[in-house]
Amino acid sequence: MISAKKKENGILFTLSTNNSSYQMKADKHNVLLHLFYGQRLNDADDLSDLIFLTDTGFSGNPTYAEKDRTYSLDTLPQEVSGFGVGDYRDSMVTLLHDDGSRAAEFRYDSYEIIDGSYKIDGMPALYDTSVTKGETLVITMREAASDIILKLYYGVYEKENVITRAAKLINQGTKSVHVEKLLSMNMDMMFFDPDMIYFTGRHAFERAYERIPVKHAKIEIGSVRGTSSHQYNPSFILCDHDANEEQGDCYGFCLVYSGNFVAAAQKDQKNQVRVQMGIHPEAFCYLLEQGGELMTPQVIMSYSHDGLTTLSHQYHDILRENMCRGKYKYERRPVLINNWEATYFDFNEEKLFNIAKQASELGIEMLVLDDGWFGKRDDDYSGLGDWFVNEEKLGGSLKEIGERVNEMGMKFGLWFEPEMISQDSDLYRKHPEWAIAIPNREPNRGRYQLALDMSRDDVRDYLFEQMSDILSNAPIIYVKWDLNRSICDMYSYASGKEHSGELYHKYVLGVYDLMERLLVRFPDLLLEGCSGGGGRFDAGMLYYSPQIWCSDNTDAINRLTIQYGTSFFYPIGTFGAHVSACPNHQTGRTTPFATRSDVAMSGSFGYELDLSKISDEEKAQVKHQIAQFHDLYELTHEGDYYRLTTLDYDDCIAWAFVAKDKSRAALTLVKTQSEGNPRPTHVGMRGLDKNKKYKCTIKNDTSVINSGAAFVNAGVTIPYIMEQYESAIIMFDEV
Ligand code: GLA
């Protein structure tokens, strides 16, 4: 619900969801103040009195405040922080005007309430469905001394307790202006002393959970790598110091964007917490000509008074329903086998069909042919850009291969790395200017490769044609869309130097454009996003690919940390997760076959190993695992997810899925430590209906019937000694 009420001294805006309210006020000077975000208020509430004004030394006053030395942009809690005009904290927007001045001061002009979600041209954003529909408040702000307009977008999703933000600059003047910074949001939270939780990492170890208190030194995460990155995910949480899974105020911020970003929280001199998120201003400078517009990506905010689990549920629900799209939004995605860890580049027709044959016999539903099938590509030094099948290596065309795979009863999928180019490729020899590199400077290479200039129409047309040609001439239902380097040496041969600060952003828009065009042309295509594993695991990508390869690290024990971190914002069914060989190729660790599957089953399940090298007993397990995955699919892909332990919990890590109607649940537990003379392995269950009765079945078919209250209040003990890395899936069925 959105309300706008005229008051004697301004306009009060209140956005309300079932459990949260967000209030702001355009005050008597038309400065848009942030008053509150938190637990739901009553409709008539007005929190203007929370603002406390004092004369603060060295925090100056705008001329329009006349003799009021207490009114300072430097201390007021604001929705848009300007630059260079008296707010010395971090700005949300910085403009370089035609006369060389740098100033941005936006004041309230008007508002509009729109039924439905707002759209962002060329970028993903939450959309309306028959289940969930948004409402939009657009507040128009005007720059004090130029004809620049800033529109602030607020989307409200009542039952999900989600509020979104985005902003759009419009140049209505006669002179062009350089936008040096335009974030999606600024919010100054007046009375809040939070922790910040963010997700950091590296290639093959993404989204590790970290939590630190917000103080006066800024906490800032971000990426200037051209992608959202392995190093920091574009999402974070602010929460009470004692907030945990079940209690405490928690606020989530999740950017719907797949490129450079910044996110920060910092206390100011009055202890207000300034929260910001958006496109990273580093290497960003956008020329906004007369009549030009620039819109930011969307930030999805959500609030929970009841701890982190509720916050995660709110994100999972809205991302599943209002961000993921296409046929495979709800339809079951096939259990796949990917040949990468089985063969790497070293495969031929025989090896491939050996894997395919074994896989089909075991009930695997799709073969994914990974890197190495095209151009001259027997290692990672060459071939990217030459999207022509290497028939000699494959022993036939993709059509023939696909049909043979189909005859075996499996679907067929293919790997691409569309955005990249090898210098040793026909494409590079023909179009060196299509690669991103600075003239007269040796480019930095990542995995020997360069990035294509995705801002160029001709590059995207080429890729669209090549990919369309392949996808329409072979029975391919799935594409793994990879990207294997961070991007630098920013220069485009297609645009002039005055546009050079736009390239990182236009690269991302180019990627979105190409994905969109392909999905319009092939609406049933299943895309699996990937960037060296989870280097571009973000809400923006989920708009195009309902599953994303979570990490190149397939070690079941490392995956506990990676999948734990990923679970705070992203729905579990979107995590690409595979059973791979042991000793694990990334860590050298050996874990039981069943554990690898139990962990991968909490995701978009598949296999990535040479099936001819596994034992008969393991082969029998594969059949059982696939059946079990299907049995659990509704829970893992549509149910509610509960983290039952933290990562430093005693000796195991556990999580659970509970059906929305609470009739069924599955608890997965992995023993991470073992000791001599063992103590029992015990974990508390969550999410069951305390008044229902459940039959609880533990791995080896031991079962017990008790109330939901018993399992939640007293927990579950595994009735046998668990060895290190052993796992169990415990089922709860309502009786
Ligand atoms: C990336 C992906 C892997 C695999 C290789 C192929 O690293 O994350 O899964 O596809 O590329 O080169």
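What comes next is a walk through the structure.

What counts, and at which threshold
- Residue numbers restart at each chain and count upward from 1, following the sequence in its written direction.
- Thresholds applied to this predicted model are a pLDDT of at least 70 for local features of residues and 80 or more for the giving and counting of side-chain atom pairs; totals over whole chains, interfaces and linings are not thresholded and use all residues.
- Only hydrogens and water are set aside; all other atoms, that is, all heavy atoms of the structure, feed into the side-chain values.
- Each reported salt bridge corresponds to a side-chain nitrogen of Lys or Arg within 4 Å of a carboxyl oxygen of Asp or Glu.
- Counting from the N terminus, the helices are DSSP H or I runs at least four residues long and the strands are E runs at least two residues long.
- Accessibility here uses a 1.4 Å probe with only protein chains present; expressed as a share of the type maximum, an area under 20% marks a residue as buried, one over 50% as exposed, and anything in between as partly exposed.
- Side-chain rings of Phe, Tyr and Trp (the six-membered ring for Trp) are treated as a pair once their centres are within 6.5 Å; stacked means planes under 30 degrees apart, edge-to-face means over 60, and tilted covers the remaining angles.
- If even one non-hydrogen atom of a residue comes within 4 Å of a molecule or strand, that residue is called near it.
- The term polar contact refers here to a pair of N or O atoms within 3.5 Å; inside protein, the definition further demands a hydrogen-donor-capable atom paired with an acceptor-capable atom, and it admits residues adjacent in sequence only when both atoms are side-chain atoms.
- To measure how exposed things are, a 1.4 Å probe is used in the Shrake-Rupley method; for residues, cover is taken only from the protein chains shown.
- For cavity detection a 1 Å grid was placed over the protein atoms alone, and a set of points counts as a cavity when a 1.4 Å probe fits there but cannot get out; an open set counts as a pocket when protein lies on both sides within 12 Å along at least five of seven lines, with lining residues being those that have an atom within 4 Å of a point.
- To decide whether a molecule occupies a pocket or cavity, check its atoms: if more than half lie within 2 Å of the grid points, it is inside.
- Three categories are distinguished: nonpolar for Ala, Val, Leu, Ile, Met, Phe, Trp, Tyr, Cys and Pro, charged for Asp, Glu, Lys and Arg, and polar for the others, with Gly belonging to the last.
- When DSSP finds at least two bridges between two strands, those strands are taken to pair.
- Lines fitted to the C-alpha atoms define the axes, with helices restricted to the stretch that makes contact. Angles between their N-to-C directions range from 0 to 180 degrees.
- The criterion used for residue contact is that any of the two residues' heavy atoms lie within 4.5 Å.

**Considering the pattern of salt bridges**
1) Next: Counting across every chain of the model gives 54 salt bridges.
2) Next: Here Arg-404 makes a salt bridge to Glu-349, at a shortest N to O gap of 2.9 Å. Highlighted residues: Arg-404 in helix α5 (residues 398–407) and Glu-349 in helix α3 (residues 349–362), separated in sequence by 55 residues.
3) Next: The exposure class assigned to Glu-349 is partly exposed, which follows from its relative accessible area of 30%.
4) Next: Within the structure, one salt-bridge network assembled from shared partners comprises Asp-87, Arg-89, Asp-188, Asp-268 and Arg-274.

**As for the packing of aromatic side chains**
1) Next: Within the structure shown, the criterion is met by 43 aromatic pairs.
2) Next: Judged by centre distance (5.2 Å) and plane angle (70°), the rings of Phe-605 and Tyr-607 are edge-to-face.
3) Next: Members of the aromatic cluster, joined through ring pairs, are Phe-199, Tyr-209, Tyr-315, Phe-537, Tyr-564, Phe-568, Phe-569, Tyr-570 and Phe-575.

**As for the site of the ligand**
1) Next: Around the ligand, the structure places 13 residues, and the nearest of them are Asp-370, Asp-371, Arg-447, Lys-480 and Asp-552.
2) Next: Here an oxygen atom of the ligand and a side-chain polar atom of Asp-371 are 2.6 Å apart.
3) Next: At 2.4 Å, a side-chain N or O of Asp-552 approaches an oxygen atom of the ligand.
4) Next: For the ligand, the accessible surface in isolation is 310 Å², of which the surrounding protein chains cover 96%.
5) Next: A majority-of-atoms criterion places the ligand in the largest pocket.
6) Next: Per-class residue counts for the shell around the ligand are four nonpolar, three polar and six charged.

**Considerations on the sheet that holds strand β36 (residues 702–707)**
1) Next: Ordered in space as β31-β32-β33-β38-β35-β36, the six strands form an open sheet in which the pairing is antiparallel. Both edges of this open sheet fall to β31 (640–643) and β36, since each of them pairs with a single strand only. Strand after strand, the sheet turns through a mean of 20° between neighbouring axes, direction not considered.
2) Next: Contacts from helix α12 (residues 616–638) reach β31, β32 (652–658), β33 (664–671) and β38 (727–734), with the element oriented near 100° to β33.

**What to know about the side chain of Ser-567**
1) Next: Take Ser-567: it is sitting in the loop between α10 (556–566) and β29 (575–580).
2) Next: For Ser-567, a relative accessible area of 0% translates into the label buried.
3) Next: Separated by 2.7 Å, the side chain of Ser-567 and the backbone oxygen of Tyr-564 make a polar contact.
4) Next: Those residues in contact with Ser-567 that sit more than four places away from it in its chain are Ser-312, His-316, Ile-572, Phe-575, Tyr-641 and Arg-643.

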